[in-house]
Structures are given as structure tokens and as C-alpha cells.
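# Summary of structural features
Here's the letter readout for the chains.
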Amino acid sequence: MQTPSAGQDAWLDEIVYDEHGLVPGIAQDVSTDKVIMFAFLNRESLRETLRTGNATYWSRSRGRLWRKGEESGHVQRVREIRLDCDGDVVLLRVEQVGGIACHTGRERCFYRRLETEGGVRWVETDPILKDPESIYK
């Protein structure tokens with residue numbers, strides 16, 4: 001990642017933020033193309049992501065920046081940042097350190113698939129790779 005000079009925030013102005021100053025962010029594993037996570041970003045988190053090269057999101061529940069992996073060590077090294085055609089969704093193509101993106105200890109947060117045979121229900125498709133109790137302090 002290349003850090004722009006101070007005051008070079010024009011790239012942030014091209015993003016369409018919601019009324020809370022947030023934009024949806026999708027994390028995609030750069031080696032497998034799997035969508036591994038969704039979170040919100042704001043101007044500050046995007047600036048920090050670009051500055052450090054590691055994914056930083058805005059945590060609505062914490063009301064602060066959330067540096068992915070700050071507790072678990074499972075950081076996301078950002079390899080590419082993309083903006084969708086409408087400018088209202090950001091795609092972070094990342095290297096997921098440790099292979100775990102989800103707080104449940106799974107590779108990705110999208111581990112449930114909707115099944116429709118024999119009734120409509122969610123089915124867990126991905127295994128827990130590491131017990132969350134051993135990941136978070």
C-alpha cells in the first residue's frame with residue numbers, strides 16, 4: 001500500500017457514505033477469492049488501512065476503530081482496495097493471517113448456507129478451525 005501525502009484525501013471524497021459516515025466493506029481473500037467478512041468503514045478507518053496496510057474497520061458496537069486482529073492476531077494484510085461502480089461499497093482484497101477471519105474461529109463469517117430441501121433452514125458448512133475461547137483474551 002502506498003500512503004498519500006498529507007492532505008491528499010480526494011480519493012476518500014469519491015466514496016458515497018451513509019448518513020452515519022459509513023460505507024460497507026467486504027473482505028475477500030486474495031488467494032482464494034472467497035468473501036470472508038463484512039464490516040463497516042469510515043474515512044478514518046480507510047485512511048488508517050491505507051497508512052498501515054492492515055484492514056481497519058469502524059466498529060458500530062464499540063463506537064471506535066477496530067483494527068482487525070487487534071485481539072486475535074488474525075490481521076488482514078490489504079493487497080488491493082477497490083470501489084464499486086456506484087461508489088458505495090468498498091472491497092478489500094486481503095491476505096488473512098492465520099486463515100481465520102471470523103470471531104467464531106472459522107475461515108470466514110459466511111459459514112451458513114440456506115438449504116431448501118426438507119424445509120427451509122440455515123446449515124453450517126464450514127468447520128471451526130480454532131476454539132474462539134483460545135483466540136480472544
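The structure reproduced in this document is the subject of the present report.

Parameters at a glance
Residues numbered from 1 in each chain as written. Predicted model: local features only at pLDDT ≥ 70, side-chain atom pairs only at ≥ 80, totals over all residues. Heavy atoms only, no water. Helix = DSSP H or I, 4+ residues; strand = E, 2+ residues; numbered from the N terminus. Buried < 20%, exposed > 50% of the residue type's maximum accessible area, 1.4 Å probe, protein only. Contact = heavy atoms within 4.5 Å. Lys, Arg positive; Asp, Glu negative; His and termini not counted. Charge placed at Lys NZ, Arg CZ, Asp CG, Glu CD. Pairing = 2+ DSSP bridges.

## Some thoughts on the overall build of the chain
The helix and strand tally for the chain stands at three helices and eight strands. Helices and strands appear in the chain in the N-to-C order α-β-β-α-β-β-β-β-β-β-α. Oriented by its inertia axes, the alpha-carbon framework of the chain measures out at about 55 × 35 × 30 Å. Out of the 137 residues belonging to the chain, those deemed buried represent 35%. Considering only contacts within the chain whose residues lie at least 6 apart along the sequence, 44% involve residues at least 24 apart. Positive and negative side-chain charges in the chain, numbering 20 and 23 respectively, have mean positions lying 5 Å apart.

## Re the pairing of strand β5 (residues 76–83)
Sheet analysis places β5 next to strand β6 (residues 90–96), joined by seven bridges and oriented antiparallel. Paired with Glu80 across the strands is Arg93, a residue of β6. With antiparallel pairing between neighbouring strands as the criterion, β5 and β6 make up a hairpin whose turn holds six residues, including Gly87 at a positive phi of roughly 75°.

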